[in-house]
Amino acid sequence: MSHRIQFSFLLVPLATVLLTPSPGHAQLSETMWSESLSLSADASSAGQPGVDSALPEPLIDNLSGSQYSIDGSVSFGPPGPPQATSTVSGSYTSGLNTYLGGSAYVRIDFSFQVRQTSPPPVSVSAVPISVHAAGTVNASGDAAMFANAYSSFDLSTIQGPLVSYDIMASNATGGSSDSFNETYQTTLAPDFTVSGAMTASANVGAEGPQPNIQGTATAFIDPVIEVVDDVIPGTSSSYRDYFDIEFGSGYFALDTTPVEPTTWGQLKTRYGR
């Protein structure tokens, strides 16, 4: 099964090392979602945490007064592979004495395996997979209103790390942005467990704020993990005809009905921005 998003990916050679299960290798674990949104201005506050550890929950809030406004959101993309965006923006004219600031954060921890969906025509001990990961961060605004954003994507096994991408942006010098758009390929033995985590966080704030300042920070992360559409040696069939990526339990549609089997493409089957 193919779950694709179109990007201009950097292609790297297929890894020659086969990652295989060892005795007592880890099993798929429940997918965990960690989300929070917090806004504050002097003694006022707003925001909320995500309340379900197995459900992507959009968070949005605003805190405003006659001389200031601060907005924050945690959002997810349209149906398909999971995306996460954290955004905070704030502006201030005058009148605050102590603090104006906000933060938005999302982290998803997951695990996956290559699963055989039907018997292949020949014995297969190694299945090629492709990992596409894209992330962006942007921070802008006046130096007196700090803004920073962070995005990361990591995969590892009991044998060590596979991929690790992370980027940060800060408006310390007036504004900055960064991005990654990478493809990693390797081979996995069926039922071998890979663990992963993805993060997007954004923050703005000012302590004892100066008049007439503003700042905005946004972080975005979007991975796609799939079986490569290559032909199985000695056959005319594709690996995708017999293998798929299965993710750890914990992926739910918005009606909290479990999705079986749990794959990136089946997550959020009725979810939109």
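Residues numbered from 1 in each chain as written. Predicted model: local features only at pLDDT ≥ 70, side-chain atom pairs only at ≥ 80, totals over all residues. Heavy atoms only, no water.

**Side note on the overall build of the chain**
Put simply, the rule reads: Counting from the N terminus, the helices are DSSP H or I runs at least four residues long and the strands are E runs at least two residues long. Note on contacts: a residue pair qualifies if any of its non-hydrogen atoms lie within 4.5 Å across the two residues. Computed by Shrake-Rupley with a 1.4 Å probe, the accessible areas treat only the displayed protein chains as cover when residues are assessed.
Looking only at helices and strands, the chain features 0 helices and 14 strands. Counted from the first residue to the last, the chain has its helices and strands arranged as β-β-β-β-β-β-β-β-β-β-β-β-β-β. Excluding contacts between residues fewer than 6 apart, the proportion of contacts in the chain whose partners are at least 24 apart in sequence is 71%. When the accessible area of the chain is evaluated, it comes to approximately 11,700 Å², of which 51% is carbon and sulfur surface.

**A word on the nonpolar core**
The criterion, for reference: Here, the term nonpolar core denotes a set of buried Ala, Val, Leu, Ile, Met, Phe, Trp, Tyr and Cys residues that are joined through side-chain atoms within 4.5 Å. Burial classes follow relative accessibility: with a 1.4 Å probe on protein chains only, a residue under 20% of its type's maximum area counts as buried, one over 50% as exposed, and anything between as partly exposed.
Counting 60 residues, the largest nonpolar core has F112, F153 and L155 as the members making the most contacts within it. In terms of residue count, strand β7 (residues 99-116) provides more of this core than any other element does, 7 residues in total. Discounting residues that sit within four places of it in the chain, F112 has contacts with L28, I129, L155, L188, F192, T193, V194, I225, I245, E246 and F247.

**What to know about the pairing of strand β14 (residues 243-247)**
Formally: Strands are treated as partners if at least two bridges between them are detected by DSSP.
For β14, a buried count of 5 out of 5 residues is recorded, marking the element as mostly surrounded by other parts of the structure. Neither face of β14 is open: one carries F243, I245 and F247, the other D244 and E246, and all of them are buried. Relative to β14, β7 runs antiparallel, the two being bridged by 5 bridges. Note on β14: the bridge partner recorded for Q116 is F243.

**A word on the packing of aromatic side chains**
For clarity, the cut-off: By convention, a stacked pair of Phe, Tyr or Trp rings (six-membered ring in the case of Trp) has centres within 6.5 Å and planes under 30 degrees apart, an edge-to-face pair has planes over 60 apart, and any other such pair is tilted.
Summed over the entire model, instances satisfying the criterion amount to 5 aromatic pairs. The interplanar angle of 80 degrees and the centroid separation of 5.5 Å between the aromatic rings of W33 and F76 together place this pair among those described as edge-to-face. Residue W33 is found in strand β2 (residues 32-41), and its partner F76 is found in strand β5 (residues 68-76); the two are separated by 43 residues along the sequence. Exposure class is identical for W33 and F76. Each is buried.

**Notes on the side chain of H132**
As for its position among the elements, H132 is in strand β8 (residues 127-141). Judged by relative accessible area, H132 falls into the buried class, the value being 8%.

**Here we look at the pairing of β7**
Pairing between β2 and β7: 10 bridges, direction antiparallel. Following the sheet pairing, M32 is matched in β7 by D109. One ladder, built from 14 bridges, connects β7 with strand β12 (residues 194-207); its direction is antiparallel. Its bridge partner lying in β12, F112 is registered against V194.

**Details of the pattern of salt bridges**
Quick reminder of the rule: When a carboxyl oxygen of Asp or Glu lies within 4 Å of a side-chain nitrogen of Lys or Arg, that pair is called a salt bridge.
Enumeration over the complete set of coordinates arrives at 4 salt bridges. Here D191 and R115 are joined by a salt bridge, their closest N and O atoms 2.6 Å apart. A residue pair is termed long-range when its members are at least 10 positions apart, and D191 in the loop between β11 (175-188) and β12 and R115 in strand β7 qualify at 76 residues. For D191, a relative accessible area of 33% translates into the label partly exposed. The residue E246 makes a salt bridge to R115 at a minimum N-O spacing of 2.9 Å.

**Examining the side chain of T157**
The following threshold applies: In protein, a polar contact requires one atom able to donate a hydrogen and another able to accept it; more generally it is a pair of N or O atoms within 3.5 Å, and residues adjacent in sequence count only if both atoms are side-chain atoms.
The residue T157 is located in strand β9 (residues 146-157) in this model. Residue classification places T157 among the buried residues on the basis of a relative accessible area of 12%. Within the local environment of T157, its side chain forms a polar contact with the backbone nitrogen of Q159, the two atoms lying 3.0 Å apart.

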